[in-house]
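Residue-level structural notes
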Amino acid sequence: MADAVLRGLGQVMFQNNSYTGVLFLLGIAVNSRVLALAALLGSAVATLAAAGLGAERVLLRSGMFGFNGALVAIALLTFLEPGALTWLCVVFAAVCATLLMAALLEAFAQWSLPALTAPFVLVALLFFLAAARFGRLLTTGQLPTAALPANAVVEGVVTAATVGEGVLRGIGQVFFQANLLSGVLFALGLLAASRRACVMALVGALAGALVAWGMGAAEPAIRAGMFGFNSALTAIALGSVFLPGGWRTSAYALLGAVLAPFVAAACTAAFAPVGMPAMTLPFVLTTWLFLLASRKFSRLRAGAGA
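Residues numbered from 1 in each chain as written. Predicted model: local features only at pLDDT ≥ 70, side-chain atom pairs only at ≥ 80, totals over all residues. Heavy atoms only, no water.

If you tally the helices and strands in the protein, you get 15 helices and 0 strands. Against the globule reference of 19 Å for 306 residues, the protein gives a C-alpha radius of gyration of 18 Å, in line with a compact fold. With the C-alpha coordinates of the protein rotated into their principal frame, the extents come out at 50 × 45 × 35 Å. Within the protein, buried positions represent 53% of all 306 residues. Accessible surface computed for the protein: about 13,400 Å², of which carbon and sulfur atoms make up 68%. Computed over 15 positive and 7 negative side-chain charges, the inter-centroid distance for the protein is 10 Å. (Helix = DSSP H or I, 4+ residues; strand = E, 2+ residues; numbered from the N terminus. Rg over C-alpha atoms; globule rule 2.2 N^0.38 Å. Buried < 20%, exposed > 50% of the residue type's maximum accessible area, 1.4 Å probe, protein only. Areas by Shrake-Rupley, 256 points an atom, 1.4 Å probe, with all protein chains shown as cover. Lys, Arg positive; Asp, Glu negative; His and termini not counted. Charge placed at Lys NZ, Arg CZ, Asp CG, Glu CD.)

Here's what the structure looks like:
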């Protein structure tokens, strides 16, 4: 069970590797011990709930029920004030993530489409929206301020240091950690399991940062990695997990990484009136689009020899 819980942390970036999970946990801990505990608890509760309900052993042992629980736990402790009630909600939300994961696996089976982090996004949004009607669930002030979308202005000067930090922080932001050391440890965790996944994450985060810079996004947001994490996840998913390897697949994954910042900006603007974060929804939507489209492109499915 301990191995499955750690693999659940690794599966946040598609790595079925307990050593990767340890490095990911360490990467969270160097920035926040509370969030590291939340991640561990979320993965454990989600995995135990799945085991108690009789989920398939292969899925359990590979951590497939743990990663959404870990992410939703971190999200709740990031955006809601920590307290006994919030920690209780973390446990309940992790169980809900397991139920939704099972439901999406069943619903998407006919399309052979992965659930990705959709359970995390939906469950987290459920609790954040519900907090507006529950007086004992207090927000931390990190949720976006509800307002109609306004036209952005170019802010700050983007330098090589901005982009470099944005790449590492972008990988860190997958776990809500805007910390350089966290990003380095996450990259090392990927490297421990798959060199290709590590390269795709770095290239994806770089693509996201460069696109954001080219489109005139604010320098602080680029430096914080806010335009990198969805691109990094998209590049890993398309370039090292769901499609055969090859230069065409790599180019296709890069195209997805380039699109992800646009989807992220659109989702952020769409959620602005209700003051909700988009989280990894842009990655989910972009990856679903590219996976479904790839079925009509024979040379992508044929792999490296095509």
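Moving on, there is more to tell.
Turning our eyes to something else, we now look at the pattern of salt bridges. Scanning the model with the defined rule gives 4 salt bridges in all. For arginine 7, the salt bridge identified is with aspartate 3, shortest N-O distance 2.5 Å. Of this pair, arginine 7 and aspartate 3 both sit in helix H1 (residues 2–10), 4 residues apart, which is roughly one turn of the helix. Across the pair glutamate 219 and arginine 223 runs a salt bridge whose closest N-O atoms are separated by 2.9 Å. You can see glutamate 219 and its partner arginine 223 sitting in helix H11 (residues 219–223), 4 residues apart, about one turn around the helix. Residue class for glutamate 219 comes out buried when judged on its relative accessible area of 11%. For arginine 223, a relative accessible area of 26% corresponds to the partly exposed category. By sharing partners, the salt bridges in this structure join Glu165, Arg169, Glu219 and Arg223 into a single network. (Salt bridge = Lys/Arg side-chain N within 4 Å of Asp/Glu carboxyl O.)

Of all hydrophobic cores here, the largest spans 92 residues; its most connected members are Met13, Leu76, Phe120, Phe128 and Phe175. No other element matches helix H5 (residues 67–79), which puts 10 residues into this core. Non-local contacts of phenylalanine 120, meaning those with residues more than four positions away in its chain, are made with Asn68, Leu71, Val72, Ala75, Phe176, Met279 and Thr280. (Core = buried A, V, L, I, M, F, W, Y, C linked by side-chain atoms within 4.5 Å. Contact = heavy atoms within 4.5 Å.)

Between H1 and helix H2 (residues 18–29), the least distance of the axes is 7 Å, while the angle of their chain directions is 65 degrees. Here H1 is positioned roughly perpendicular relative to H2, judged by the angle of their axes. Judged by the twist between their axes, the crossing of H1 over H2 is left-handed. Side by side, H1 and H2 meet where Asp3, Leu6, Arg7, Leu9 and Gly10 of the first sit next to Ser18, Thr20, Gly21, Val22, Phe24 and Leu25 of the second. Here the residues of the contact of H1 with H2 are counted per class, giving 5 nonpolar, 4 polar and 2 charged. (Axes fitted to C-alpha atoms, helices over the stretch in contact; angles between N-to-C directions. Parallel < 35°, antiparallel > 145°, perpendicular 65-115°, else oblique. Left-handed = near helix turned anticlockwise from the far one by under 90°. Nonpolar A, V, L, I, M, F, W, Y, C, P; charged D, E, K, R; others polar.)

Take serine 182: it is sitting in helix H9 (residues 180–193). A polar atom in the side chain of serine 182 sits 2.6 Å from the backbone oxygen of glycine 27. (Polar contact = N/O pair within 3.5 Å; in protein donor to acceptor, adjacent residues only side chain to side chain.)

Attention shifts here to a nonpolar patch on the surface. Nonpolar side chains collect at one region of the surface, where Leu26, Val30, Leu181, Val184, Leu188 and Leu191 lie side by side and expose about 470 Å² of accessible area between them. Ranked by the residues each element gives to the nonpolar patch, the list is headed by H9, at 4 residues. Considering the arrangement of structural elements, one finds valine 184 in helix H9. Residue classification places valine 184 among the partly exposed positions, given a relative accessible area of 33%. (Patch = residues over 30% accessible without salt bridge, like charges linked within 9 Å, V, L, I, M, F, W, Y side chains within 5 Å.)

Let us look at the environment of threonine 98. Inspection of the secondary structure assignment puts threonine 98 in helix H6 (residues 84–108). Note: C-alpha distance between threonine 98 and phenylalanine 120 (22 residues apart in sequence) is 9.3 Å. The contacts of threonine 98, once residues within four sequence positions are left out, are Ala46, Ala49, Ala50 and Phe65.

Okay, the environment of alanine 160 next. Its location among the elements puts alanine 160 in helix H8 (residues 160–172). For alanine 160 and glycine 8, which are 152 residues apart along the polypeptide, the C-alpha to C-alpha distance reads 34 Å.

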